[in-house]
Amino acid sequence: MPSYDYDLFVIGGGSGGVRTARMSAIHGAKVAIAEEYRMGGTCVIRGCIPKKLFVYASAFSETFEDAAGFGWDVGETSFDWKTLVANKDREIARLEGIYTSNLEKAGVEIFEDSASLVDPHTIHLKRKNETVTAKYIVIATGGHPRRQYDLRGHEIAITSNEAFHLNELPKRIAIAGAGYIAIEFAGIFHGLGVETTIIYRGPKILREFDDDLRDAVEAAYRAKGIRILYHQIFQELARSGDHIKATTSAGEVLETDMVMFCVGRDPNTAALDLENAGVKLDAHGAINVNEYSQSNVENIYAIGDVTNRMQLTPVAIQEGAAVAETLFNGRPTSFDHKDVPTAVFSHPDIGTVGFTEAQARDSFANVDIYKSSFRPLFHTLSGRDQKMMMKMVVDADSDRVIGCHIFGADAAEMAQLAAVAIKMGATKADFDATTALHPSAAEELVTMREKWKPQKAKAAE
Ligand SMILES: Cc1cc2nc3c(=O)[nH]c(=O)nc-3n(C[C@H](O)[C@H](O)[C@H](O)COP(=O)(O)OP(=O)(O)OC[C@H]3O[C@@H](n4cnc5c(N)ncnc54)[C@H](O)[C@@H]3O)c2cc1C
């Protein structure tokens, strides 16, 4: 039997890597982890957490306006970007410390280093210039924002990484892309008073979401004054004095102060020397794994964004916990990627779980749709013309609710709970049998009775 320095070596101290390392150590394994930047990874350092703090900050401008209808005179307001960034940085440092101390408490050895593979059991640590060996290796190196390297002037643009550390807030920003990160940052910048433009090559924002949600967010953003340009991409970026001239494929020249790429994320595999161990990648550079997150090399596993399955923190965490359970707790466990709830922290937010209407119509013979669009009670006094939208997708043959899509204040919070019901296999009749909580927006989810009929069918009646 060969002997190794560690039972498990984890590369990457983000959401997935930290959970894998900690749980494996708790199960009794001798574990080490390498993190080359900051413990906590994308989610904690430059993803979910700082983003949500910025979303909170950007919501105040509308809240101040809305207060008038409730009798408040808020008076003059001002915003200080540097205060927000400093306070955010303090909280991020605190969380980073908690991640590190939780690993230490579990007995995990930490290397502040870049790791790569020498062979299937040997890891090279770059800064120390040393090698260590492990029986199992888990790769949890996450991803990085894609840059449009073929675009002339691309180096002027920022990505989400830099957006968290800007010295100053720009007056104007143009965001390339229309996925959830683009939409969230558009809401953040607009809410903080930045003139915001979204430019997208496709026909509609938020490609992977339900069409009604996409329409609702688009309408809300346009009503706020966020400009959305479709069927266009940037063709050239150039500095011109103290601003940027961004030329689009439609020949329009946007004058702006900042350009941000939100055009996707690529897996961090290039620097890992995976070929030394024979680990196979897919066409996008992500590590190919089976349902147990095992790569084609028996003792090497990969979890989280580096596998490009679902780029979400709780998914990376659960994939990691499943690997720890499989390898060190004697219980082969795979993570079920079905019915994972997710949010878009736009203004207001989206909360969603399960099949979109279009996906359901592709997968089920008979689909019933229930939907409701209404003015939430809050806005009857705020005066803001902002509708809330709720939609349930039901498999008509089994009566099971297979999708729930919400747009409006606290949609993410509602979707988390709807996900419990959907995961348990709740039927529409179960929702109907649940007593409404009044007055709330969420009560709509248990009071929608009438099936929605497509417009065409209505016209034919
Ligand atoms: C702007 C933004 C907002 C987001 N918002 C949300 C959200 O609201 N909800 C949600 O669920 N998800 C969100 N995500 C996605 C979420 O952050 C990721 O899905 C999650 O962090 C993936 O975890 P991971 O462990 O796979 O990778 P990561 O968290 O990216 O961690 C990988 C770590 O590996 C390290 N590393 C890389 N290479 C090496 C190496 N060779 N040696 C040592 N260390 C290495 C990196 O420095 C990094 O710390 C957001 C992402 C972004 C960018």
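Before reading further, recall that the structure is shown in the block above.
Residues numbered from 1 in each chain as written. Predicted model: local features only at pLDDT ≥ 70, side-chain atom pairs only at ≥ 80, totals over all residues. Heavy atoms only, no water.

**Considerations on the site of the ligand**
Under the convention used in this document: Any residue with a heavy atom lying within 4 Å of a molecule or strand is counted as near it. We define a polar contact as two N or O atoms separated by no more than 3.5 Å, with the added condition that, inside protein, one atom must be a possible hydrogen donor and the other a possible acceptor, whereas residues neighbouring each other in sequence contribute only through side-chain atom pairs. For the accessible areas, the method is Shrake-Rupley and the probe is 1.4 Å, while residue cover comes only from the protein chains on display. Numbering goes from the N terminus for both helices and strands, where a helix is a DSSP run of H or I of at least four residues and a strand is a run of E of at least two. In this count, Pro and Cys sit with the nonpolar residues alongside Ala, Val, Leu, Ile, Met, Phe, Trp and Tyr, while Asp, Glu, Lys and Arg are called charged and the others, Gly among them, polar.
Taken together, the neighbourhood of the ligand is formed by 38 residues, with Gly16, Glu35, Thr42, Lys51 and Asp305 sitting nearest. Glutamate 36 is positioned with one of its backbone polar atoms (N or O) 3.2 Å from a nitrogen atom of the ligand. Compared with its free state, where it exposes 1,000 Å², the ligand has 94% of that area covered by protein. Mapped by element, the contributors of at least two residues to the shell around the ligand are helix H1 (15–26), helix H2 (41–46), helix H3 (48–67), helix H6 (180–191) and helix H8 (313–328). Residue contributions to the shell around the ligand peak at four residues, all from H2. Each residue belonging to the shell around the ligand can be placed in one class, and the counts come to 14 nonpolar, 16 polar and eight charged.

**Some remarks on a nonpolar patch on the surface**
Heads up, the rule is: Patches here: salt-bridge-free residues with over 30% relative accessible area, like charges joined within 9 Å, nonpolar side chains (Val, Leu, Ile, Met, Phe, Trp, Tyr) joined within 5 Å. The working definition used for a salt bridge is a side-chain nitrogen of Lys or Arg within 4 Å of a carboxyl oxygen of Asp or Glu.
A contiguous nonpolar surface patch, about 720 Å² in accessible area, is contributed by Phe60, Phe64, Phe70, Trp72, Val74, Phe378 and Leu381. Elements supplying a minimum of two residues to the nonpolar patch: H3 and helix H10 (377–382).

**Considerations on helix H7 (residues 211–224)**
Threshold: To estimate the expected span of a helix, count its residues, drop one, and scale the result by 1.5 Å. Residue exposure (1.4 Å probe, protein chains only): buried if accessible area is under 20% of the type maximum, exposed if over 50%, otherwise partly exposed.
With 14 residues, H7 should cover 20 Å at 1.5 Å per step; its first-to-last C-alpha distance of 20 Å lies within 8% of that length. Among the residues making up H7, those that are buried are Asp212, Leu213, Arg214, Ala216, Val217, Glu218, Ala220, Tyr221 and Lys224. If you check the start of H7, you find a side-chain oxygen 3.0 Å away from the backbone N of aspartate 212, and it comes from aspartate 210. In the segment just after H7, glycine 225 is the residue with positive phi, at about 105°.

**Here's the deal with the sheet that holds strand E18 (residues 350–354)**
The condition is simple: Only when DSSP finds a minimum of two bridges between them are two strands counted as paired. To obtain an axis, a line is fitted to C-alpha atoms, over the contacting stretch when the element is a helix, and the angle between two such axes runs from 0 to 180 degrees between their N-to-C directions.
Taking strand neighbours across the sheet as the criterion, the five strands line up as E17-E18-E21-E20-E19 in an open arrangement whose pairing is antiparallel. The sheet is open, and its two edges are formed by strand E17 (342–344) and strand E19 (367–374), each paired on a single side. Strand-to-strand twist of the sheet, defined as the mean angle between neighbouring strand axes without regard to direction, takes the value 15°. Taken together, the eight bridges between E19 and strand E20 (residues 388–395) define a ladder with antiparallel strand orientation. Across the sheet, residue lysine 371 finds its bridge partner in E20, namely lysine 391.

**Describing the environment of tyrosine 221**
Relative to the elements of secondary structure, tyrosine 221 occurs in helix H7. Its relative accessible area of 0% is what places tyrosine 221 among the buried residues. A polar contact is formed between the side chain of tyrosine 221 and the backbone oxygen of isoleucine 183, at a distance of 2.8 Å.

**Remarks on the pairing of strand E11 (residues 234–240)**
Consecutive side chains along a regular strand alternate between the two faces of the sheet. As defined by bridge partners, E11 adjoins strand E12 (residues 243–248) across six bridges and the pair is classed as antiparallel. For leucine 237, the partnering residue across the bridge sits in E12 and is alanine 246. Hairpin connection between E11 and E12: a loop of two residues separates the two successive antiparallel strands, and glycine 241 in this loop has a positive phi of roughly 65°.

**A word on the environment of alanine 433**
With respect to the helices and strands, alanine 433 occurs in helix H12 (residues 428–433). Using a relative accessible area of 64% as the deciding quantity, one classes alanine 433 as exposed. The spatial distance from the C-alpha of alanine 433 to the C-alpha of threonine 447 is 9.2 Å, given a sequence separation of 14 residues.

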